[in-house]
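Observations on the model geometry
Below are the chains, spelled out letter by letter.
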Amino acid sequence: MKTVLSIGFLFCCCLLFLLLDSSTSLPLCVDSRAPFTLNSTLKFCSYNGSTCCNSIQDQQIQKQFNLMNVSDTDCASLLKSILCAKCDPFSGELFTVQSTQRSVPVLCDSAIPANSSQSKASVRDFCSEVWNTCQTVSIINSPLSSSLQGQGGGLPANTNATKLNELWQSKADFCNAFGGASNNESVCFEGEPVALNKTDTPISPPHGLCLEKIGNGSYLNMVAHPDGTNRAFFSSQMGKVWLATIPEEGSGGQLELDESSPFVDLTDQVYFDTQFGMMGMTFHPNFANNGRFFASFNCDKDKWSGCNGVCSCNSNVNCDPSKLGTSNGAQPCQYQTVIAEYTANGTASQPSSAESAKPTEVRRIFTMGLPFTSQHGGQILFGPNDGYLYFMMGDGGGTGDPYNFSQNKKSLLGKVMRLDVDNIPSASQVSKLGLWGSYSIPKDNPFSEDKDLEPEIWALGLRNPWRCSFDSEKPSYFFCADVGQDLYEEVDLITKGGNYGWRINEGPYPFTVTDSPGGNTSIKSINAIAPIAGYNHSQINKNEGSASITGGYVYRSMTDPCMFGRYLYADLYAGAVWAATEDPENSGNFTTSRIPFSCAHNSPIPCDVVPSSSLPALGYIFSFGQDNKKDVYILASSGVYRVVPPSRCNYTCSQEKESTTTSPPSPSPSHASHWSNSYFLQLSSLLLLLTSFM
């Protein structure tokens, strides 16, 4: 909105096998950062284009190689390639074993079965080649001895040993320690830069997306209940959260939700207007036991005493709030963004069975005053692997980010933040550390490598991230849709310390700055990461309205097997849906296709249709949702829609028959939803937010 990636080597006998970290399956560097593009070729390692090394690191590798003093030219060539693998765009995976970094990449070993995703039909047995070539060659300070010396077949430690056959009993033992294979989720090193196969035939997009309408309400957020049941939480922009029961697909049932009885009502704290409201909610991964949940919303300090944060426009970011102009008469930082913690404890015997929660804050996590009245982002979610809270924040508004907040490393605007809400510092510690609330900083946040960054920042250079998600099967794939301004709507893969270019770039295009009281950032000073998907505004027909991207999910349900593994996203105004498909797999390269959609003829609630068309009239696509079965939902102004088997819309999917023959029978229909007449007044108010997407 515009207001809005293992090879499993088993440890067996006494042989040391390796388990690659499945959380690093896209191109990532050893420090978990994204690769960058060089304008010239590295002098020693010879990598060009996408790489993880700059010229200084290239010189350091050359110095390390020279100190090894290898006299055999063939062995020296192999060792050079091994050292230079640190510059490979996949070095984060090549050098990571069980989440532990090491000095040698996983060397391709044909003795280990592989389901190869790499470029050659038969992957080079590089581990055997290294042994056969280098076993009798003296290598001073050999990286092939330091990390695993004396383990898994290694000979007893000998500080004077310099040859592989003095360190390892046999080639088999050597390759059990350093070898590995390639499969569809990982790569190994075969002496050359990693290259993945594209599919033999072009990937055809699905014939269409079939939807069923299960609810009439309009929501900004949907979160599956952490207890794993068929329940989910839905929230409105005004600040109400409902707990709903989701019917089985094909049962004919509707969403069970009592609009008159919210799970929690935060409307007294939330400032609701066309550009403001409750923008995010998330539940602690251990909510079923601890009852902790969090809401992200806007407040008005003139109307609520709890709205009392520090202005994001301040001297630390070279911004004078007294010089900010506003379009509606409001004072700078009159409106603020808040993350607050609440609890479901005390309303039921166990939090997992609670049907209501207390509207009183347990703890204020974050408060920050906003310089303008749009582009606040506001989504919050927990990382599936690390358990930290991610907070998506827009650039704060103003045409072209005039104060350059997104590129300012001291500003939290235009950023993805990563906070620890399980280790809460004392009030005095918060003040001493200069934090914006009650949280602590994960030690591996990017500030540990870039001292100029504020410690909360995980990624920067975003305009207004509206709906981000982690791939449930490849958690290192963190997708964010970032709303453009005049030309392009983009989807980014968010990585540690990644800079996504705004306002230097708008998607793939250079952005021309017209007003810059906050100064400029040069393109040469950053390594901007290009979007992996998106669309030009010219791709939206004039009769479909303006353009504003809404991020979604990687589809991981077998309800529609032809959609499996594709990232779904949409345009808010046009009601259009796209699917992004990665090819080669694990490469980080995506192709996109606009996907037609229809409404199932036996939808529990009949779908309205576009006049003079049989297409369902979704209205405005505010957000997406995902339940505990990984089924995907569209949250639109006209209701709640679920993706169902394509055959229900007469779409052809060759995989569907096989996947449905073993499906369990559907349960009996559930009760219809309860909707009050007052809800439609709320819906009308919700539609007012459209002006805030500009």
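None of the values given here were measured: they were computed from a predicted structure. (Residues numbered from 1 in each chain as written. Predicted model: local features only at pLDDT ≥ 70, side-chain atom pairs only at ≥ 80, totals over all residues. Heavy atoms only, no water.)

Some details on the overall build of the chain
- Counting its secondary structure elements, the chain contains 11 helices and 34 strands.
- Here the chain, with 694 residues, has 59% of them falling under the buried criterion.
- Accessible area for the chain stands at about 27500 Å²; split by element, carbon and sulfur atoms hold 49% of it. (Helix = DSSP H or I, 4+ residues; strand = E, 2+ residues; numbered from the N terminus. Buried < 20%, exposed > 50% of the residue type's maximum accessible area, 1.4 Å probe, protein only. Areas by Shrake-Rupley, 256 points an atom, 1.4 Å probe, with all protein chains shown as cover.)

A few points about helix 1 (residues 55–68)
- An ideal rise of 1.5 Å per residue puts 20 Å on 14 residues; helix 1 measures up with 20 Å between its terminal C-alpha atoms.
- Between a side-chain oxygen at the N-terminus of helix 1 and the backbone nitrogen of Ile56 the separation is 3.1 Å; the capping residue is Asn54. (Expected span 1.5 Å × (residues − 1). Polar contact = N/O pair within 3.5 Å; in protein donor to acceptor, adjacent residues only side chain to side chain.)

Quick word on the nonpolar core
- Membership of the largest hydrophobic core comes to 50 residues, with the highest contact counts inside it found for Leu107 and Phe174.
- For this core, the elements supplying multiple residues, two or more each, are helix 1, helix 2 (73–84), strand 5 (107–108), helix 4 (126–134), helix 6 (164–167) and helix 7 (171–178).
- The biggest single contributor to this core is helix 2, with 7 residues.
- Discounting chain neighbours no more than four positions away, the residues touching Phe174 are Leu107, Cys127, Val130, Trp131, Leu144, Leu164, Trp168 and Gly179.
- With 36 residues, the next largest nonpolar core counts Tyr403, Leu412, Val430 and Ile457 among its residues. (Core = buried A, V, L, I, M, F, W, Y, C linked by side-chain atoms within 4.5 Å. Contact = heavy atoms within 4.5 Å.)

Details of the pairing of strand 21 (residues 465–470)
- Most of strand 21 sits out of view: 6 of its 6 residues are buried.
- Note: strand 21 against strand 22 (residues 478–482), 4 bridges, orientation antiparallel. Following the sheet pairing, Cys468 is matched in strand 22 by Cys480. (Pairing = 2+ DSSP bridges.)

Thoughts on the packing of helix 4 against helix 7
- It is at 10 Å that the axes of helix 4 and helix 7 come closest, and there the two elements cross at 130°. On the basis of their axis angle, the class for helix 4 and helix 7 is oblique. The interaxial crossing formed by helix 4 with helix 7 has right-handed handedness. Residues Cys127, Ser128, Val130, Trp131 and Asn132 of helix 4 lie in contact with helix 7, whose contacting residues are Lys171, Phe174 and Cys175.
- When grouped by side-chain class, the residues that make up the contact of helix 4 with helix 7 number 5 nonpolar, 2 polar and 1 charged. (Axes fitted to C-alpha atoms, helices over the stretch in contact; angles between N-to-C directions. Parallel < 35°, antiparallel > 145°, perpendicular 65-115°, else oblique. Left-handed = near helix turned anticlockwise from the far one by under 90°. Nonpolar A, V, L, I, M, F, W, Y, C, P; charged D, E, K, R; others polar.)

A word on the sheet that holds strand 28 (residues 567–571)
- Judged by pairing direction, the sheet is antiparallel, and its 4 strands sit side by side in the order 27-28-29-30 without closing on themselves. Edge positions in the open sheet fall to strand 27 (549–550) and strand 30 (590–595), since each of these has one partner strand only.
- Both strand 27 and strand 28 contribute to a ladder of 2 bridges, which runs antiparallel. By the bridge assignment, Ile549 is partnered in strand 28 with Asp571.

A closer look at the state of the cysteines
- Here the structure, examined in full by the defined rule, presents 13 disulfides.
- The side chain of Cys53 participates in a disulfide bridge whose partner is Cys87; the two sulfur atoms lie 2.1 Å from each other. On the sign convention where negative means left-handed, the S-S torsion of about -90° between Cys53 and Cys87 marks this disulfide as left-handed. Residue Cys53 is found in the loop between strand 2 (50–51) and helix 1, and its partner Cys87 is found in the loop between helix 2 and helix 3 (91–94); the two are separated by 34 residues along the sequence. This pair shows no difference in class: Cys53 is buried, exactly as Cys87 is.
- The disulfide that involves Cys299 links it to Cys307, with 2.1 Å between the sulfurs. (Disulfide = S-S within 2.5 Å.)

Observations concerning the pattern of salt bridges
- Across all of its chains, the model carries 20 salt bridges by this definition.
- A salt bridge links Glu129 to Arg124, with the nearest nitrogen and oxygen atoms 2.7 Å apart.
- One salt bridge in this structure joins Arg231 and Asp227, with 2.7 Å as the shortest N-O distance.
- Salt bridges linked by common partners bring Asp31, Arg33, Glu449 and Lys496 together as one network. (Salt bridge = Lys/Arg side-chain N within 4 Å of Asp/Glu carboxyl O.)

Structural notes on the packing of aromatic side chains
- Taken as a whole and assessed by the stated rule, the structure comprises 39 aromatic pairs.
- On the basis of an interplanar angle of 75° and a centroid distance of 6.2 Å, the ring pair of Trp168 and Phe174 is categorised as edge-to-face.
- Taking 6.1 Å as the distance between ring centres and 45° as the angle between the ring planes, the aromatic pair formed by Tyr477 and Phe479 counts as tilted. Judged on exposure class, the residue Tyr477 and its partner Phe479 are both buried.
- Three or more aromatic residues link up through ring pairs in this structure, and these residues are Tyr477, Phe479, Tyr535, Tyr567, Tyr569, Trp578 and Phe590.
- The lysine or arginine in question, Lys80, covers the ring of Phe44, its NZ or CZ lying 4.5 Å from the ring centre.
- The ring of Tyr477 has Lys474 sitting right over it, with the charged end atom 5.6 Å from the ring centre. (Phe/Tyr/Trp six-rings, centres within 6.5 Å; stacked < 30°, edge-to-face > 60°. Lys NZ or Arg CZ within 6 Å of the ring centre and 35° of its normal.)

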